[in-house]
Amino acid sequence: MNPYVVIGAGPMGLCTVRRLVEKGINVLGLEAHSDVGGLWDIDSTTSTMYQSAHLISSKRMTEFDDFPMSDDVATYPRHDELKHYFQSYATHFDLYRHFQFNCYVESVEPFNGQWKVSYRQNDAQHQVIAAGVLLANGTLHHPNIIDFPGHFEGEQMHSAQYKSADVFADKRVLIVGCGNSGCDIAVDAVHRAKHVDMVVRRGYYFLPKFIAGTPTDTLGGKIRLPNWLKQRVDGTLVRLISGKPSRFGLPDPDYKMYESHPVVNSLFLHHIGHGDITVRPNIERLTENGAYFSDGNQGEYDLILQATGYKLHYPFIDKQHLNWVGDAPQLYLNIFNPLHPNLYVMGMVEAAGLGWQGRDEQAKLVANVIRLQLNQDQAANRFLDKVKLKAGQRMDGGMRYLPLERMAYYVHKAEYLAALSREMQQLAQGA
């Protein structure tokens, strides 16, 4: 039997290969870098990691349940600790032997009901005919770069290129974007730059990483509140803990808690409050030596850094094969393709608190579906009928997520995990 090809050896690719192997499925993993770890291996040419990067969720809420991080690892681990964690995971579950490294996938094309995967390894071209393909190459690689009017003659870069605060030394810096990476990088910059301004285009909810010495994401949750009530209660608590953003010169969010990803950073508001970072509104146009802003003010800069997030990007396959509509593929459970029963998108999912265990639950379900397909079990056909019927259904738990590109594949954690569990149970029962 031709192998099932898994593209990527980050956390999603690793657990996907593991679960396929457990089901006796022939699998080949292809990884562009020379080792596992994906995004978290800063040495990888595909990594957008930076030297100061840490998890924004705590380790116990993020780790694989059956492979916990060591007690001596920090509560919010740094990227190199996570690289070691994934290397240890791959070794423990004997996954290295299923991967080929330094393999850059260049195309994935339909081929007589299967897939022709073309890749380059050490300057040699290779092809493999795959019984199925599982895309696990990540969602945080292709930068979303804004093309502002005007022309700036200074240095410009995206956070995808940022590695170290050394780049800010004695410079006037403008950071565009106030998401988690933008706030991390702004905190880095205040220690090296001449001064730091930040363009903040919309309101955010700001959370510290610890409350009373406890990781913030571990608090609450013992009593399941209705979504509308949890939004109201938690939104009120955030304002009590961090204050209204407008008290710091930031715009207040015009949406409810959890309708967009909150910023988790204990130092950003501290530096805003100390005058280390100046808040700016949206850029109207660039100038040779800086920018004009929408409030009529202007600033002069040596470096403009866009921390404007990432776009979903599967450059080796035509979008039509992914049932791409608008900002993202339309897939059942963000995984299963109504056009191709042997093409899966792994890890194209974001949710507060989902962690890597949530991705592992994806991998378990996909492995079960593939096993049933190989066994020509009628349950697999019934599942495909469901995929075709429900591919456009979003697991949002009734949340009104902001209509932003980065939120196009956001799900509600509890509803999503319940759906994965329900499908597993029904497949086990032959339903």
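In the block above lies the structure referred to throughout.
This is a predicted model, so every value here is computed, not measured.

A. Summary view of the overall build of the protein. Secondary structure assignment for the protein yields nine helices and 24 strands. Its C-alpha atoms give the protein principal-axis dimensions of roughly 65 × 55 × 45 Å. In the protein, 66% of the contacts between residues at least 6 apart in sequence involve partners at least 24 apart. Per element, the accessible surface of the protein, about 19200 Å² overall, is 48% carbon and sulfur.

B. Fine view of the sheet that holds strand β3 (residues 99–100). Pairing within the open sheet is parallel, and its five strands lie in the order β3-β2-β1-β7-β24. The open sheet has two edge strands with one neighbour each: β3 and β24 (343–345). One ladder, built from four bridges, connects strand β1 (residues 4–7) with strand β2 (residues 27–30); its direction is parallel. From the neighbouring strand, V6 faces β2, where its bridge partner is G29.

C. How the structure looks around the sheet that holds strand β5 (residues 114–121). Strand order in the open sheet formed by three strands is β4-β5-β6, and the pairing between neighbours is antiparallel. Strands with a single pairing partner mark the edges of an open sheet, and in this sheet they are β4 (103–111) and β6 (124–130). Looking at each pair of strands side by side, their axes are set apart by 20° on average, direction ignored. With eight bridges joining them, β4 and β5 adopt antiparallel strand pairing. Residue pairing across strands places C103 opposite Q121, the latter belonging to β5.

D. Expanded view of helix α8 (residues 378–390). Taking 1.5 Å of rise per residue, 13 residues should cover 18 Å, and α8 covers 19 Å from first to last C-alpha, within 8% of that figure. When α8 is considered as a whole, its buried residues turn out to be A379, A380, F383, L384 and V387. Here the buried residues of α8 occupy an arc of 140° about the axis, which is enough to place them on one side. For α8, the exposed residues lying more than 90 degrees away from the buried face are K388 and L389. Looking at the buried positions of α8, the neighbouring elements they touch are α7 (355–374) and α9 (413–428).

E. Geometry of the packing of α8 against α9. Across the interface, α8 lies against α9 with an axial gap of 10 Å and an inter-helix angle of 145°. Viewed along their axes, α8 and α9 form a crossing whose handedness is right-handed. Together, A379, F383 and K386 of α8 and E423, Q426 and L427 of α9 make up the contact between the two elements. Split by residue class, the contact of α8 with α9 holds three nonpolar, one polar and two charged.

F. Here's a closer look at the packing of aromatic side chains. Per the stated rule, a full pass over the model turns up 23 aromatic pairs. Here the aromatic rings of Y76 and F210 are separated by 5.2 Å at their centres, their planes lie at 85°, and the arrangement is edge-to-face. Here F210 lies in strand β13 (residues 210–211) and Y76 lies in the loop between α2 (59–62) and α3 (79–92), a separation of 134 residues in the sequence. Between the aromatic rings of Y85 and W356, the centroid separation amounts to 6.0 Å while the plane-to-plane angle is 25°, which identifies the pairing as stacked. In this pair, Y85 sits in helix α3 while W356 sits in helix α7, placing the two residues 271 residues apart along the sequence.

G. Representation of a nonpolar patch on the surface in the model. There is a patch of nonpolar side chains on the surface, built from V233, L237, L240 and I241 and spanning about 360 Å² of accessible area. Within the secondary structure, L240 is located in helix α5 (residues 227–242). In this structure L240 comes out as exposed when scored by relative accessible area, which is 67%.

H. Molecular detail of the pattern of salt bridges. Across all of its chains, the model carries 23 salt bridges by this definition. In this structure, the salt-bridge partner of E22 is R19, at a minimum N-O distance of 2.9 Å. Separated by three residues within a single helix, E22 and R19 lie in helix α1 (residues 11–22), roughly one turn from each other. Judged by relative accessible area, R19 falls into the buried class, the value being 8%. In this structure, E423 engages K386 in a salt bridge whose closest nitrogen and oxygen atoms are separated by 3.0 Å. Of this pair, E423 sits in helix α9 while K386 is found in helix α8, placing the two residues 37 residues apart along the sequence. Judged by its relative accessible area of 2%, E423 is buried. Salt bridges here are not isolated pairs; linked through shared partners, they connect R18, R19, E22, D66 and D360.

Definitions and limits used
Residues numbered from 1 in each chain as written. Predicted model: local features only at pLDDT ≥ 70, side-chain atom pairs only at ≥ 80, totals over all residues. Heavy atoms only, no water. Helix = DSSP H or I, 4+ residues; strand = E, 2+ residues; numbered from the N terminus. Contact = heavy atoms within 4.5 Å. Areas by Shrake-Rupley, 256 points an atom, 1.4 Å probe, with all protein chains shown as cover. Pairing = 2+ DSSP bridges. Axes fitted to C-alpha atoms, helices over the stretch in contact; angles between N-to-C directions. Expected span 1.5 Å × (residues − 1). Buried < 20%, exposed > 50% of the residue type's maximum accessible area, 1.4 Å probe, protein only. Arc of directions from axis to C-beta. Left-handed = near helix turned anticlockwise from the far one by under 90°. Nonpolar A, V, L, I, M, F, W, Y, C, P; charged D, E, K, R; others polar. Phe/Tyr/Trp six-rings, centres within 6.5 Å; stacked < 30°, edge-to-face > 60°. Patch = residues over 30% accessible without salt bridge, like charges linked within 9 Å, V, L, I, M, F, W, Y side chains within 5 Å. Salt bridge = Lys/Arg side-chain N within 4 Å of Asp/Glu carboxyl O.

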